[in-house]
Amino acid sequence: MTSTTTTPRSATGSVALRGVTKVYGQGENAVLALDGVSLDVAPGEFVCLVGASGCGKSTLLNLVAGLDRSSGGQIDLGDGVNPGLMFQEPALFPWLTVEANVEVPLKLRGLPRAERREKVAELLRTVHLAEFGRKRPHQLSGGMRQRVALARTLALDTPVLLMDEPFGALDAMTRDILHDELERIWSERRLTVLFVTHNVREAARLADRIILLSSRPGRIIYSTRVDVPRPRRIDSPEIANIAAEVTDRLRTEVGRHGQ
Ligand code: ADP
Ligand code: MG
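In this text, all values refer to a predicted model and were calculated from it rather than measured experimentally.

Engineer: I tried to follow the site of ligand 1 on my own but got confused; where do I start?
Structural biologist: Close to ligand 1 lie Y24, A33, A52, S53, G54, C55, G56, K57, S58, T59 and R216. In this structure, a nitrogen atom belonging to ligand 1 sits 3.5 Å away from a side-chain N or O atom of Y24. Note that an oxygen atom of ligand 1 is positioned 2.5 Å from one of the side-chain N or O atoms of T59. With the chains in place, 61% of the 560 Å² that ligand 1 exposes on its own is no longer accessible. With 3 residues, helix α1 (residues 57–65) is the single largest residue contributor to the shell around ligand 1. Its residues placed into classes, the shell around ligand 1 shows 4 nonpolar, 5 polar and 2 charged.

Engineer: Just checking my understanding: could you explain the domain arrangement of the chain for this structure?
Structural biologist: By a widespread convention, an interface's size corresponds to the accessible area lost as its parts come together. On domain assignment, one finds that the chain holds domain 1 (42–69 + 79–83 + 159–259) and domain 2 (90–157). Each partner contributes to the interface: domain 1 provides 14 residues, whereas domain 2 provides 14 residues. When the two sides are added together, the surface that domain 1 and domain 2 hide from each other amounts to roughly 1100 Å², 64% of it contributed by carbon and sulfur. Broken down residue by residue, the surface that domain 1 buries against domain 2 is led by L178, I185 and R189, which jointly contribute 40%. Seen at the junction of domain 1 and domain 2, the total is 2 salt bridges.

Engineer: Just checking my understanding: could you explain the sheet that holds strand β2 (residues 31–41) for this structure?
Structural biologist: To summarise the sheet geometry, strands pair through backbone hydrogen bonds and adopt either a parallel or an antiparallel arrangement. Spatial ordering of the open sheet is given by β2-β1-β4, a layout of 3 strands whose pairing is antiparallel. Single-partner strands in this sheet number two, and they are β2 and β4 (72–77). Across the sheet, the axes of successive neighbouring strands diverge by a mean angle of 20°, strand direction being ignored. Relative to β2, strand β1 (residues 15–24) runs antiparallel, the two being bridged by 7 bridges. Within β2, the position partnered with V23 by the bridge is L32. Sheet strands touched by α1: β1, β2 and β4. Its angle to β1, the strand with the most contacts, is close to 120°.

Engineer: How should the packing of aromatic side chains be read in this particular structure?
Structural biologist: Ring pairs (aromatic) are described by centroid distance and by the angle formed between their planes. Per the counting criterion, the structure on display carries 4 aromatic pairs. Ring centres of F46 and F195 lie 6.0 Å apart, and the angle between their planes is 40°; on these two criteria the pair is classed as tilted. Separated by 149 residues along the polypeptide, F46 in strand β3 (residues 46–50) and F195 in strand β7 (residues 192–196) bring together distant segments of the chain. One exposure class covers both F46 and F195, and it is buried. Residues F167 and F195 carry aromatic rings whose centres are separated by 6.0 Å and whose planes lie at 55° to one another, so their mutual orientation is tilted. Linking F167 in the loop between β6 (160–164) and α5 (172–189) with F195 in strand β7, this pair joins segments that are 28 residues apart in sequence. Across the pair, exposure class does not vary: F167 and F195 are buried alike. Ring-pair connections join several aromatic residues into one group, and the members of that group are F46, F167, W186 and F195.

Engineer: How should the sheet that holds strand β5 (residues 84–86) be read in this particular structure?
Structural biologist: With mixed pairing, the 6 strands of this open sheet are ordered in space as β5-β6-β7-β3-β8-β9. Looking at strand neighbours, the two that pair on one side only are β5 and β9 (220–225), the edges of this open sheet. Each adjacent strand pair in this sheet contributes to an overall mean axis angle of 15°, direction not counted. Alignment of β6 against β7, held across 5 bridges, turns out to be parallel. Note on β7: the bridge partner recorded for D164 is V196.

Engineer: What is the right way to read unusual backbone geometry from this model?
Structural biologist: Residues apart from glycine generally show negative phi values, whereas peptide bonds are mostly found in trans. Geometrically, the link from R216 to P217 is a cis peptide bond, its omega value of 0° lying close to zero. Mapped onto the elements of the fold, P217 is located in the loop between β8 (209–213) and β9. The omega torsion across R230 and P231 is -5°, close enough to zero to call that bond cis. Mapping P231 onto the fold places it in the loop between β9 and α7 (237–256). Phi is positive for H128, close to 60°, though the residue is something other than glycine. With respect to the element layout, H128 can be found in the loop between α3 (113–126) and α4 (142–154).

Conventions adopted
Residues numbered from 1 in each chain as written. Chains lettered and ligands numbered in written order. Predicted model: local features only at pLDDT ≥ 70, side-chain atom pairs only at ≥ 80, totals over all residues. Heavy atoms only, no water. Near = heavy atom within 4 Å. Polar contact = N/O pair within 3.5 Å; in protein donor to acceptor, adjacent residues only side chain to side chain. Areas by Shrake-Rupley, 256 points an atom, 1.4 Å probe, with all protein chains shown as cover. Helix = DSSP H or I, 4+ residues; strand = E, 2+ residues; numbered from the N terminus. Nonpolar A, V, L, I, M, F, W, Y, C, P; charged D, E, K, R; others polar. Domains from an automatic or database assignment. Contact = heavy atoms within 4.5 Å. Buried area = accessible area lost by both parts, 1.4 Å probe. Salt bridge = Lys/Arg side-chain N within 4 Å of Asp/Glu carboxyl O. Pairing = 2+ DSSP bridges. Axes fitted to C-alpha atoms, helices over the stretch in contact; angles between N-to-C directions. Phe/Tyr/Trp six-rings, centres within 6.5 Å; stacked < 30°, edge-to-face > 60°. Buried < 20%, exposed > 50% of the residue type's maximum accessible area, 1.4 Å probe, protein only.

Next comes the structure, spelled out in structure tokens:
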């Protein structure tokens, strides 16, 4: 028998963080934004990360996205996957049509023109914007622009979606509809989603698991599974109960800082 140890290859679609820390700045001005965060997201899991403003949610997402480097610890995306990203602002190219915006990642992936066209049409159907391909972003509502951003992210064909308060700027009704859409797309495509929000109800509505981050330093202080069957309603009593539980924890945490 040989005694070689093999590192288990992590599954496609998984996200693993081991003791991740992030310090911004140096010396007296140093801010410990994340302190030893460890987290395993399973392929196909929907995890919501909640916490008070400034607790390090975006920092964590940016590290997983590879937009910034951690100060310590390890981040492992199964099979070296490049995750898709979505932010509160859709960041579309204003001079391009909806179709052309969604086509950008397909071009970057080097797909031939005919295939790109087919794919763009399919993606626009997926987000219910089939009729709007020729419009420009300014001709669309905020909710529609986020649908375009979602279609563009899906065009990357990646199993991992990282979303930083993607519906934070939308009205409640539009957000409700987009929750339904995202849930459908997530389950159809078996995506792994790491979703940041400060809206606890939104987290309870969407998540398989809710992770609560503390503030300064950002640490995982609480985690709970949401075993409510899908599809869910944000105004159902089950979701309200879970949201209340998480809100209590969050209040205790914020109180600890005397904010
Ligand atoms: P959240 O997304 O939860 O609101 P952030 O991740 O944006 O929190 O910020 C976490 C902490 O790190 C905050 O104290 C913030 O001021 C600090 N921070 C974030 N980005 C930077 C940066 N580029 N330089 C210095 N400090 C930063
Ligand atoms: Mg943020």
